[in-house]
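# Summary of structural features
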Amino acid sequence: MSVDVVQLAQDLTPYAATAITAYGAAVLARVEGDAADATISFGQRILRRLTGRDTPGSETSAEQEALADTVTELAGTPGDADLAAVLRVQIRRLMTAHPDIAADIAGWALPAEPATVTITTSGDRSPAVHNNYGTINTGDSTT
C-alpha cells in the first residue's frame, strides 16, 4: 500500500495536537477508556501508534523519540503554531522512515466531521438559534 505521508501527516496533526492540548504531556500515558471525545481519543491512538507506546516493551526508534519530545514540548505551550508545524514535520519524518506505521494509520477511518446545522428564520422578531439555554424575548416592552 502506497501512502502519501505528507498528506497523511497534515491530516493527522490536528488530532494529535488536540489530544496534546487536552492532556498535556500525560497524553502518551492516558488509556483509551478515559472519558474523552472522539477527536481526543483518536489523537491519543495516533500518538500511541506513532511513538510505539501501543506495543509496550518494544524498542523505539530515533524518530519516535524525537516525536515524543515534540509532544512534551507542545504540551508545555499548547496552541503554539510553530510547535504544531514541528509536530507535523516529525510525524511526516517518522512515517517516511516507518512506512508500516503510515500504512497502519492510513487504514484507520478518520472520525466524521460534525454534521452541518442550518437554521432558518422568517418574520419580524423571529429568533434564529441553534441552542438556547435561557429566555428569548422578542416582543415590545419585555423584561
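Up top is the structure.
Since the structure is predicted, the reported quantities are computational estimates derived from the model, not experimental observations.

What follows concerns the overall build of the protein chain. Across its full length, the protein chain carries five helices and zero strands. Of the regular secondary structure in the protein chain, the N- to C-terminal order runs α-α-α-α-α. When the 143 residues of the protein chain are sorted by exposure, 31% land in the buried category. Taking all contacts inside the protein chain whose residues are at least 6 apart in sequence as the whole, residues at least 24 apart take part in 58%.

Each aromatic ring pair is described using two quantities: the centre-to-centre distance and the angle formed by the ring planes. By the definition in use, this model includes two aromatic pairs. Between the aromatic rings of Y15 and F42, the centroid separation amounts to 5.1 Å while the plane-to-plane angle is 85°, which identifies the pairing as edge-to-face. With Y15 in helix α1 (residues 5–23) and F42 in helix α2 (residues 38–51), this residue pair connects regions lying 27 residues apart in the sequence. Note on accessibility: Y15 and F42 belong to one class, buried. Judged by centre distance (6.2 Å) and plane angle (70°), the ring pair of F42 and W108 falls under edge-to-face.

Examined against the element boundaries, P14 turns out to sit in helix α1. Once the C-alpha coordinates of P14 and A84 are considered, the two residues, 70 residues apart in sequence, prove to be 8.4 Å apart.

Before going further, it helps to spend a moment on α1. Its 19 residues give α1 an end-to-end C-alpha distance of 26 Å, which sits within 8% of 27 Å, the value for a rise of 1.5 Å per residue. The largest bend in α1 amounts to roughly 35° and is located at L12, with the proline P14 lying one to four residues further along. Of the residues making up α1, those classed as buried are V5, L8, A9, L12, T13, Y15, A16, A17, A19, I20 and Y23.

What follows is about the environment of A66. By the secondary structure assignment, A66 is in helix α3 (residues 62–76). Linking A66 and L87, residues 21 residues apart in sequence, is a C-alpha distance of 9.6 Å.

It is worth spelling out the packing of α3 against helix α4 (residues 81–97) at this point. Geometrically, a packed helix pair is captured by the angle between its two axes and the distance between the axes. Two elements in contact, α3 and α4, have axes separated by 9 Å at closest approach and are oriented at 165°. Taken together, α3 and α4 sit at an angle that is classed as roughly antiparallel. Seen along the crossing, α3 lies across α4 with a hand that is left-handed. Two secondary-structure elements touch here, α3 through E63, Q64, A66, L67, T70, V71, E73 and L74 and α4 through L83, A84, V86, L87, Q90, I91, R93, L94 and A97.

Where α1 contacts α4, the two axes come as close as 8 Å, and the packing angle between them is 130°. The pairing of α1 with α4 is recorded here as oblique in orientation. Our pair here, α1 against α4, has a crossing hand that is right-handed. Contacts from V5, V6, L8, A9, Q10, L12, T13, A16, A17 and I20 in α1 reach A84, L87, R88, I91, R92, M95 and T96 in α4. The residue inventory of the contact of α1 with α4, partitioned by class, reads 12 nonpolar, three polar and two charged.

This part is about helix α5 (residues 99–106). One turn of an α-helix holds 3.6 residues; hence residues three or four places apart share an orientation. Turning to α5, its buried residues are I101, A102 and I105. Projection of α5 onto a plane perpendicular to its axis shows the buried side chains occupying an angular sector of 100°, all on one side.

Definitions and cut-offs
- Residues numbered from 1 in each chain as written.
- Predicted model: local features only at pLDDT ≥ 70, side-chain atom pairs only at ≥ 80, totals over all residues.
- Heavy atoms only, no water.
- Helix = DSSP H or I, 4+ residues; strand = E, 2+ residues; numbered from the N terminus.
- Buried < 20%, exposed > 50% of the residue type's maximum accessible area, 1.4 Å probe, protein only.
- Contact = heavy atoms within 4.5 Å.
- Phe/Tyr/Trp six-rings, centres within 6.5 Å; stacked < 30°, edge-to-face > 60°.
- Expected span 1.5 Å × (residues − 1).
- Bend = angle between axes of the 7 residues up to and from the residue.
- Axes fitted to C-alpha atoms, helices over the stretch in contact; angles between N-to-C directions.
- Parallel < 35°, antiparallel > 145°, perpendicular 65-115°, else oblique.
- Left-handed = near helix turned anticlockwise from the far one by under 90°.
- Nonpolar A, V, L, I, M, F, W, Y, C, P; charged D, E, K, R; others polar.
- Arc of directions from axis to C-beta.

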